[in-house]
Amino acid sequence: MPVLPSPIVEISDSMLSSHSVRLWLKRDDLIHPHISGNKWRKLKYNLEAAQRQGCHTLLTFGGAYSNHLAATAAAGREYGYQTVGIVRGERPAKLNPTLRFLLECGMELHFVSRSSYRNQGPDDWLQQLNLPVAGTCVLPEGGANCLALMGCAEIPAEVEEQLGFLPDVFFAACGTGATLAGIAAGLKGRSRAMGVSVLKGDFLRREVSALLQHCDEKTKNWEVLTEYHFGGYARFDDALIRFINRFRARQQVALDPVYTGKLMYAVFDQVQQGAFPEGSQILVLHSGGLQGIAGFNERFGGLIEV
Ligand SMILES: *Cc1c(COP(=O)(O)O)cnc(C)c1O
């Protein structure tokens, strides 16, 4: 059973108190051991829709370390759906921990070239894999659709109920931007949603705008910080790794190097730069992603302390 509302903990640190800001961490990583963080939020209404539509199979997409594939595979196992994962790139000779987990959950994997991953649409895949259109629900990469926004839009009210007030700023890591868009929608014009892009470039601003518009949400109280990608998706440097390990040692909270590590680094850096006035109340969403640490450590030699 999911742990909801997910706990909120206050993060104490001399740097934060010296700038007179308070910071709370919404522990969505604790919602479910395998359907973790924002992936649980994004799947919630998609799974409801799958049930309503009588789907027996979930088809979705992701990279070889994808938190979305892991969450979808686990959800399939728990709620009784067949799951099919289209994985970007060649099948590696030795499967990483994420891929092994997908297989353990019973997900059927298809490794496809980067070009067909990019160029084929959902209908092409259904046809190619001989999946019935009627019983198969297709979830986009990262689960980013309007039902996902709906799930994430529940976060602000949940936080307000738990804390008894609405923090001034909500921070979230951005991959597709659906989580940020959902939080912004849920804020309904109050406070502010700030996204930290883990990808290089500023296209996320357009993507979040497009998503909000597509889902008929008019909110404008959000922005995306684009300077904390550390070289791009799944790239990192020593400073980031040190920050993650120190945060874990001091706060007893694990962060992953792909999303939440960059997010928290950005929040601390922004506070340090004086981006928030005295008395500011900041809420950071721990969006999960901790399953990725094992694969990261296997690949890069145990950099993240566990
Ligand atoms: C997928 C993921 C994100 C990105 O969420 P989007 O809605 O795609 O922006 C952020 N954090 C973690 C831990 C994730 O797994």
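To be clear, the structure that these remarks concern was listed above.
Calculation notes
- Residues numbered from 1 in each chain as written.
- Predicted model: local features only at pLDDT ≥ 70, side-chain atom pairs only at ≥ 80, totals over all residues.
- Heavy atoms only, no water.
- Helix = DSSP H or I, 4+ residues; strand = E, 2+ residues; numbered from the N terminus.
- Buried < 20%, exposed > 50% of the residue type's maximum accessible area, 1.4 Å probe, protein only.
- Contact = heavy atoms within 4.5 Å.
- Core = buried A, V, L, I, M, F, W, Y, C linked by side-chain atoms within 4.5 Å.
- Phe/Tyr/Trp six-rings, centres within 6.5 Å; stacked < 30°, edge-to-face > 60°.
- Lys NZ or Arg CZ within 6 Å of the ring centre and 35° of its normal.

What am I meant to see in the environment of Ile304 here?
Along the chain, the position of Ile304 falls in the segment after α13 (292-300). When its relative accessible area of 3% is taken as the criterion, Ile304 is described as buried. Spatially, the C-alpha atoms of Ile304 and Leu255 are 9.1 Å apart, while their sequence positions differ by 49 residues. Contact partners of Ile304, with chain neighbours within four places excluded, come to Ile241, Ile244, Asn245, Pro257, Ile293, Phe296 and Asn297.

Teacher, can you tell me more about the nonpolar core here?
Soluble globular proteins: nonpolar side chains tend toward being buried together. Phe171, Phe268, Ile282 and Val284 are the most contacted members of the largest nonpolar core, which has 36 residues in total. Of all elements in the fold, only α1 (14-18), β2 (22-27), β7 (169-174), β8 (192-197), α11 (238-251), α12 (260-272), β10 (281-286) and α13 reach the threshold of two or more residues within this core. It is α12 that provides the largest number of residues to this core, a total of 6 residues. Residue contacts for Phe268: discarding those within four places in its chain leaves Ile11, Asp13, Met15, Leu16, Leu23, Phe243 and Phe247. Cys152, Ile155, Leu166 and Ala184 belong to the second largest nonpolar core, which has 28 residues in total.

Quick question: what am I supposed to make of the environment of Gly63 here?
Structurally, Gly63 can be placed in the loop between β3 (57-62) and α3 (67-79). When the C-alpha atoms of Gly63 and Gly142 are compared, they prove to be 9.8 Å apart, with 79 residues separating the residues in sequence. The residues contacting Gly63, other than those within four sequence positions of it, are Leu69, Val87 and Arg88.

Would you take a moment to explain the packing of aromatic side chains for this structure?
Each aromatic ring pair is summarised here by two numbers: the centre-to-centre distance and the angle between the ring planes. The final tally for this structure, using the stated rule, is 13 aromatic pairs. Where Phe243 meets Tyr265, the ring centres are 5.4 Å apart and the plane angle is 70°; that geometry is what we call edge-to-face. Taken together, the residues Phe243 in helix α11 and Tyr265 in helix α12 connect sequence positions 22 residues apart. When its relative accessible area of 10% is taken as the criterion, Phe243 is described as buried. The class for Tyr265 is partly exposed, based on a relative accessible area of 24%. Pairing Phe296 with Phe300 gives two aromatic rings, centres 4.8 Å apart and planes at 50°, and the pair type is tilted. Taken together, the positions of Phe296 and Phe300, both in helix α13 and 4 residues apart, correspond to about one turn of that helix. On the basis of relative accessible area, Phe296 is assigned to the buried category, the value being 6%. Each residue in the set Tyr228, Phe230, Phe243, Phe247, Tyr265 and Phe268 is aromatic and connected to the rest through ring pairs, giving one cluster. The cationic tip of Arg88 hangs over the ring face of Tyr117; the distance from NZ or CZ to the ring centre is 5.4 Å.

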